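# Summary of the model geometry
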Amino acid sequence: MIESASTSAPPVRTAVQRRGIERTQAILDSAEVILAKQGYAAATLKAIGEHAGIPTASLYHYFADRGQVEAELVRRHVPAIDQRFAASLYENDVRTLHDAVDAMIDPLLAYFREHPGFLQLWFAGRSATLTELGGLFDDSWAEKLWHFLIEHKLINATTPLFAVQLMFEVGDRLFDVAFQRSPTGDDDVIDEGRRMLTAYLTTYASKTR
C-alpha cells in the first residue's frame with residue numbers, strides 16, 4: 001500500500017504544477033490583452049483577474065503585485081526581440097554604419113508596432129524594474145554591435161565600448177519622443193534619429209575602408 005501511494009504522488013504533483021503554469025500564462029495573456037485594447041491604466045490586477053477568470057485573491061499565489069506581472073511580461077517578450085536583433089544584424093548585408101544603425105532601429109520599431117500591449121507597458125508604465133531590464137538588454141546589444149563594427153572595420157579598433165552604449169541611450173530617448181508624438185512612432189523623429197546616430201558613429205569610422 002505504501003508503494004502504491006508513493007507511485008501515485010508524482011502525477012498529482014505534476015497536475016498541480018501544470019495548473020499553476022496554465023494559470024500563470026492565463027494571467028500574462030490577460031494582462032497583454034487589456035494593455036493592448038484598453039491601455040496601461042486599465043490593466044489593474046482586478047481587471048486582469050476578471051479577464052483570466054481568476055479571483056483577485058488567487059492572483060497573489062502567482063504574482064506578489066502588478067509590478068511582477070509587468071516584469072514577467074517583459075521577460076516573455078525579450079527572447080523574441082533578441083532574435084529579431086540577431087537576424088537584423090547578422091543575417092542582413094550590413095556594409096555601412098547607416099546599415100548598422102538601421103539593423104538596430106528597424107527590428108525594435110517593428111516589434112513595438114506589432115505588439116501594442118508591450119508598447120503600452122514600455123512607454124506608459126515603465127517602472128524601475130522595467131528600466132533595469134531594458135538597460136541590461138541595451139548593454140548586451142551595445143557590446144555585440146561594438147564587436148561587430150570593429151570586426152567588420154566599420155569603426156576604429158580603439159573605439160571605446162562606452163561610445164556604442166551611449167548610442168543606445170540616445171536611441172532609447174529618440175524612441176520615447178517618437179512614441180510620444182504618435183502612438184505608432186513618429187517616422188520623422190525616427191528618421192532624424194537614424195541620421196543623428198549614424199553621424200555620431202561616423203566620428204569613430206575606420207580609416208582603412
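Relevant structure appears above.
Within the element layout of this structure, Ser206 appears in the segment after helix H9 (187-202). For Ser206, a relative accessible area of 14% translates into the label buried. For the pair Ser206 and Leu154, spaced 52 residues apart in the sequence, the C-alpha separation amounts to 5.5 Å. Those residues in contact with Ser206 that lie beyond four places of it in its chain are Lys153, Leu154, Ile155 and Asn156.

With that settled, the discussion passes to the pattern of salt bridges. Counted under the stated rule, the structure contains 14 salt bridges. Between Arg194 and Asp106 there is a salt bridge whose closest N-O contact spans 2.9 Å. Placement of Arg194 in helix H9 and of Asp106 in helix H5 (residues 97-114) is noted, with a sequence separation of 88 residues between them. Asp176 is the salt-bridge partner of Arg173, the closest N and O atoms lying 3.9 Å from each other. Of this pair, Arg173 and Asp176 both sit in helix H8 (residues 161-181), 3 residues apart, roughly one helical turn.

In this section: the packing of aromatic side chains. Applying the stated criterion across every chain, the model contains 13 aromatic pairs. Ring geometry for Tyr111 against Phe118: centres 5.9 Å apart, planes inclined by 85°, an arrangement best described as edge-to-face. For the residue pair Tyr111 and Phe118, the accessibility class agrees, reading buried in each case. Against the face of Tyr40 rests Arg66, its NZ or CZ located 4.0 Å from the ring centre.

This next bit is on helix H4 (residues 66-90). Compared with the 36 Å implied by 1.5 Å per residue over 25 residues, the 36 Å span of H4 between its first and last C-alpha is a close match. The axis of H4 is deflected most strongly, by about 30°, at Val78, and proline Pro79 appears within four residues downstream. Within the span of H4, buried status applies to Val69, Glu70, Ala71, Leu73, Val74, His77, Ile81, Phe85, Ser88 and Leu89. Between the side-chain oxygen at the start of H4 and the backbone nitrogen of Gly67 there is a gap of 3.1 Å, and the oxygen is on Asp65.

Counting residues in hydrophobic clusters, the biggest one holds 55 residues, and the most contacted among them are Leu145, Leu149 and Phe168. Among the secondary structure elements, those contributing two or more residues to this core are helix H1 (2-38), helix H2 (45-52), H4, H5, helix H6 (116-124), helix H7 (128-151), H8 and H9. Element by element, the count of residues in this core is highest for H5, at 10 residues. Apart from residues lying up to four places away in sequence, Leu145 is in contact with Leu89, Ala100, Met104, Val164, Met167 and Phe168.

Two numbers describe how H5 lies on H6: the axes approach to 5 Å, and their chain directions differ by 105°. In this view, H5 runs roughly perpendicular relative to H6, as classed from their interaxial angle. The residues of H6 that touch H5, namely those facing Tyr111, Phe112, Arg113 and Glu114, are Pro116, Phe118, Leu119, Trp122 and Phe123. When its residues are assigned to classes, the contact of H5 with H6 shows 7 nonpolar, no polar and 2 charged.

On to the side chain of Arg194. Judged by its relative accessible area of 12%, Arg194 is buried. Within polar-contact distance, the side chain of Arg194 engages the side chain of Asp106 at 2.9 Å. With sequence-adjacent residues up to four places away left out, Arg194 is seen in contact with Val101, Asp102, Ile105, Asp106 and Leu109.

Reading the values: the criteria
- Residues numbered from 1 in each chain as written.
- Predicted model: local features only at pLDDT ≥ 70, side-chain atom pairs only at ≥ 80, totals over all residues.
- Heavy atoms only, no water.
- Helix = DSSP H or I, 4+ residues; strand = E, 2+ residues; numbered from the N terminus.
- Buried < 20%, exposed > 50% of the residue type's maximum accessible area, 1.4 Å probe, protein only.
- Contact = heavy atoms within 4.5 Å.
- Salt bridge = Lys/Arg side-chain N within 4 Å of Asp/Glu carboxyl O.
- Phe/Tyr/Trp six-rings, centres within 6.5 Å; stacked < 30°, edge-to-face > 60°.
- Lys NZ or Arg CZ within 6 Å of the ring centre and 35° of its normal.
- Expected span 1.5 Å × (residues − 1).
- Bend = angle between axes of the 7 residues up to and from the residue.
- Polar contact = N/O pair within 3.5 Å; in protein donor to acceptor, adjacent residues only side chain to side chain.
- Core = buried A, V, L, I, M, F, W, Y, C linked by side-chain atoms within 4.5 Å.
- Axes fitted to C-alpha atoms, helices over the stretch in contact; angles between N-to-C directions.
- Parallel < 35°, antiparallel > 145°, perpendicular 65-115°, else oblique.
- Nonpolar A, V, L, I, M, F, W, Y, C, P; charged D, E, K, R; others polar.

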